[in-house]
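Spelled out from the first residue to the last, the chains are:
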Amino acid sequence: MELNKVEMIKIVSAYLENTVSNLEIAGWADEVYRQLRIKAQLLDLDKIPYVRFVKTLGRLKDDERWREVQRDDILHILDVLSGKVNASLTMKFQMPFALQYETLNNLRSDAVCMESIKKILESKLKNNKLTDDDVSMLQKFNVNEPIVTILDINKPIVTILDLISSQIKSEINSLDIWDNRVLPGQILLLFPTDLMRDEKLLISRLIRLIDYYLGYDYFNIFCLFKSGIPYISLLP
């Protein structure tokens with residue numbers, strides 16, 4: 001059972017044409033959501049835009065509690081998917097470190113290394129000096145170095161966790177470590193201000209991104225549907 005725009009339009013259109021009942025479309029939505037969890041696709045970037053719609057359809061069970069879902073709500077889903085109207089939505093996500101399905105737990109291939117990086121950053125945040133090993137660990141993110149890095153910078157970005165991991169790696173890769181200070185690479189700053197150069201704010205931001213990746217904190221995903229095409233971005 002696939003979840004994509006074509007399948008969503010098909011099932012929603014059938015419902016609006018009264019060829020699929022409340023129970024049937026809710027059953028479809030529940031099964032899709034279950035399969036996403038089992039197959040570890042719940043956080044796939046090509047699936048995330050449709051998760052909110054699936055959850056809405058799943059509420060169309062024969063139960064008085066869910067009667068607030070109106071036909072106009074389902075028609076709106078179809079209009080968004082078909083590109084008749086543009087829409088935006090924000091979703092809160094959190095991936096706890098341990099989950100029921102082992103396949104979901106396996107999505108964080110960089111977890112051990114991220115934990116190590118977090119400890120280094122937390123220590124620096126407490127004004128402790130970076131050790132040679134700490135500096136070496138951080139410098140291994142530099143994609144310009146002719147060495148095999150501890151993390152795969154070029155790993156395909158399939159899930160939202162891949163996207164967060166890629167952002168963490170990119171930001172660490174751009175750091176300048178000078179006189180035992182952790183600073184942003186000057187060339188990457190647009191209209192640089194003292195706030196953007198603040199070491200503690202920079203480190204705190206990186207720790208927060210790592211917490212998103214490790215499942216210690218939730219994050220927001222902003223999704224914009226424009227002409228039926230979804231665009232995703234990560235929000236703090």
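Residues numbered from 1 in each chain as written. Predicted model: local features only at pLDDT ≥ 70, side-chain atom pairs only at ≥ 80, totals over all residues. Heavy atoms only, no water.

A look at the nonpolar core
Phase 1: Met8, Phe53, Leu57, Ile74 and Ile168 are the most contacted members of the largest nonpolar core, which has 67 residues in total.
Phase 2: With 9 residues, the top contributor of residues to this core is helix H9 (residues 199–214).
Phase 3: Not counting the four nearest positions on each side in its chain, phenylalanine 53 is found in contact with Met8, Ile77, Val80, Leu81, Leu89 and Phe225. (Core = buried A, V, L, I, M, F, W, Y, C linked by side-chain atoms within 4.5 Å. Buried < 20%, exposed > 50% of the residue type's maximum accessible area, 1.4 Å probe, protein only. Helix = DSSP H or I, 4+ residues; strand = E, 2+ residues; numbered from the N terminus. Contact = heavy atoms within 4.5 Å.)

Points about the packing of aromatic side chains
Phase 1: Applying the stated criterion across every chain yields a total of 4 aromatic pairs.
Phase 2: Ring centres of tyrosine 212 and phenylalanine 219 lie 5.7 Å apart, and the angle between their planes is 55 degrees; this geometry places the pair in the tilted category.
Phase 3: For phenylalanine 219, a relative accessible area of 0% corresponds to the buried category.
Phase 4: The structure contains a cluster of three or more aromatic residues connected by ring pairs, namely Tyr50, Phe53 and Phe225. (Phe/Tyr/Trp six-rings, centres within 6.5 Å; stacked < 30°, edge-to-face > 60°.)

Things to note about the packing of helix H8 (residues 160–173) against H9
The relative placement of two packed helices is expressed as an angle between their axes plus a distance between the axes.
Phase 1: As a packed pair, H8 and H9 sit with axes 9 Å apart at the nearest point and diverge in direction by 155 degrees. Relative to H9, the element H8 is oriented roughly antiparallel. Here H8 and H9 pass one another in a crossing that is left-handed. Between H8 and H9, the contacting residues are Leu161, Ile164, Ser165, Gln167, Ile168, Glu171 and Ile172 on the first element and Arg205, Leu206, Leu209, Ile210, Tyr212 and Tyr213 on the second.
Phase 2: Here the contact of H8 with H9 is composed, by residue class, of 9 nonpolar, 2 polar and 2 charged. (Axes fitted to C-alpha atoms, helices over the stretch in contact; angles between N-to-C directions. Parallel < 35°, antiparallel > 145°, perpendicular 65-115°, else oblique. Left-handed = near helix turned anticlockwise from the far one by under 90°. Nonpolar A, V, L, I, M, F, W, Y, C, P; charged D, E, K, R; others polar.)

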